[in-house]
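Now for the letters of each chain:
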Amino acid sequence: MTVYFIGAGPGDPELLTLKAQRIISDCPVCLYAGSLVPPEVVACAPQGARVMDTAAMTLDDTHAEIRAAHDRGEDVARVHSGDPSLYGAIAEQIRRLKADGIDYQIIPGVPAYAAAAAAIGQELTIPEIAQSIVLTRLSMQSTSMPPGETLENFGRSGATLAIHLAVRNMREIERQLTPHYGSDCPVVVAYRVGWPDQQIIRGTLSDIRAAVRAAKITRTALILVGPALAESHDFTDSALYDPAKPHVLRPVAGVDLVEDHNT
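Residues numbered from 1 in each chain as written. Predicted model: local features only at pLDDT ≥ 70, side-chain atom pairs only at ≥ 80, totals over all residues. Heavy atoms only, no water.

The cut-off we apply is this: UniProt positions are given in the numbering used here, feature names are shortened, and annotations may be inferred rather than shown by experiment.
As recorded in an unreviewed UniProt entry, the chain goes by Precorrin-4 C(11)-methyltransferase and comes from Marimonas arenosa. Quoted verbatim from the Pathway (unreviewed entry) field of UniProt, the annotation for the chain is "Cofactor biosynthesis; adenosylcobalamin biosynthesis." Under Sequence similarities (unreviewed entry), UniProt gives the following word-for-word description of the chain: "Belongs to the precorrin methyltransferase family."

Below, the structure written as structure tokens:
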């Protein structure tokens with residue numbers, strides 16, 4: 001018996017990986033986070049499967065279901081939103097599985113920041129503008145952040161920030177990041193990316209809070225901040241395809257490689 005932690009992606013059932021779909025369709029037990037994962041994602045569960053929305057369940061409740069499945073010798077698809085490695089709350093589940101000697105595997109999924117970038121049709125790492133992405137969140141009512149992991153510290157880097165679980169605290173984001181990015185820094189708020197009611201709100205650190213309030217968005221949103229989010233850029237092309245900069249698979253322009261058949 002194995003518990004499969006499955007990344008369901010941001011919400012679009014077509015962004016479920018082939019491996020994830022195959023495992024869900026084979027498991028007689030499917031536990032999914034219904035507040036973040038639409039039922040369509042787990043519709044491929046086999047006929048007669050025990051399919052449960054865990055939104056109202058506690059950790060003890062879900063683990064009891066897993067232990068019962070273990071006693072029956074039935075595999076479990078434990079379906080989480082996005083990619084389970086990021087804010088998936090699987091670490092505490094894995095700790096209990098290890099204590100009970102229950103096998104598990106992790107199946108990755110499309111993370112929210114990647115789906116949001118696709119939705120706005122942009123790259124998040126622009127040459128000479130931003131080459132790093134910081135995935136973070138704010139404390140608010142959830143688990144507190146470790147010392148040093150603050151927006152102010154991350155803001156000093158100038159990187160593209162992907163801020164989770166923070167749409168109710170736009171004022172604090174503006175306050176902490178404006179000194180480092182400037183009030184005109186582009187911001188994108190992606191609400192329920194991949195769902196039928198998806199919304200993309202663009203603005204700047206100075207006006208995004210009002211736009212989010214007008215849209216009445218209070219949850220299930222990812223906030224992207226950084227100069228790479230500008231809709232147009234004057235930047236140098238990446239060296240990746242520069243003919244003057246060779247690599248092992250491409251010679252310098254005008255210089256032929258002679259293949260040595262003796263090597």
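There's plenty left to go through after this.
## So, the overall build of the chain
Operational definition: Put simply, DSSP H or I for four residues or longer makes a helix, DSSP E for two residues or longer makes a strand, and each gets a number counted from the N terminus. Relative accessibility thresholds used throughout: buried, under 20% of the residue-type maximum; exposed, over 50%; partly exposed, between the two (1.4 Å probe, protein chains only). By definition, residues are in contact when any of their heavy atoms lie within 4.5 Å. Here the Shrake-Rupley method, with its probe set to 1.4 Å, supplies the accessible areas, and only the displayed protein chains count as covering residues.
A count of helical and extended segments in the chain gives seven helices and 10 strands. Expressed as a percentage of its 263 residues, the buried residues of the chain come to 40%. Taking the intrachain contacts of the chain between residues at least 6 apart in sequence as the baseline, contacts between residues at least 24 apart amount to 66%. About 14400 Å² of surface is accessible on the chain, with carbon and sulfur atoms providing 50% of the total.

## Concerning helix α2 (residues 59-72)
Heads up, the condition is: Expected helix span is given by 1.5 Å per residue-to-residue step, counting one fewer step than there are residues. The arc in question is the one traced by the directions running from the helix axis out to the C-beta atoms.
In this model, α2 (14 residues) spans 20 Å end to end at C-alpha, consistent with the 20 Å of a helix rising 1.5 Å per residue. Every buried residue belonging to α2 is among Thr-62, His-63, Glu-65, Ile-66 and Ala-69, and all of these are buried. For α2, the arc enclosing every buried residue in end-on projection is 155 degrees, short of the 170-degree limit, so these residues lie on one face. A positive phi of about 75 degrees marks Gly-73, the residue just after α2.

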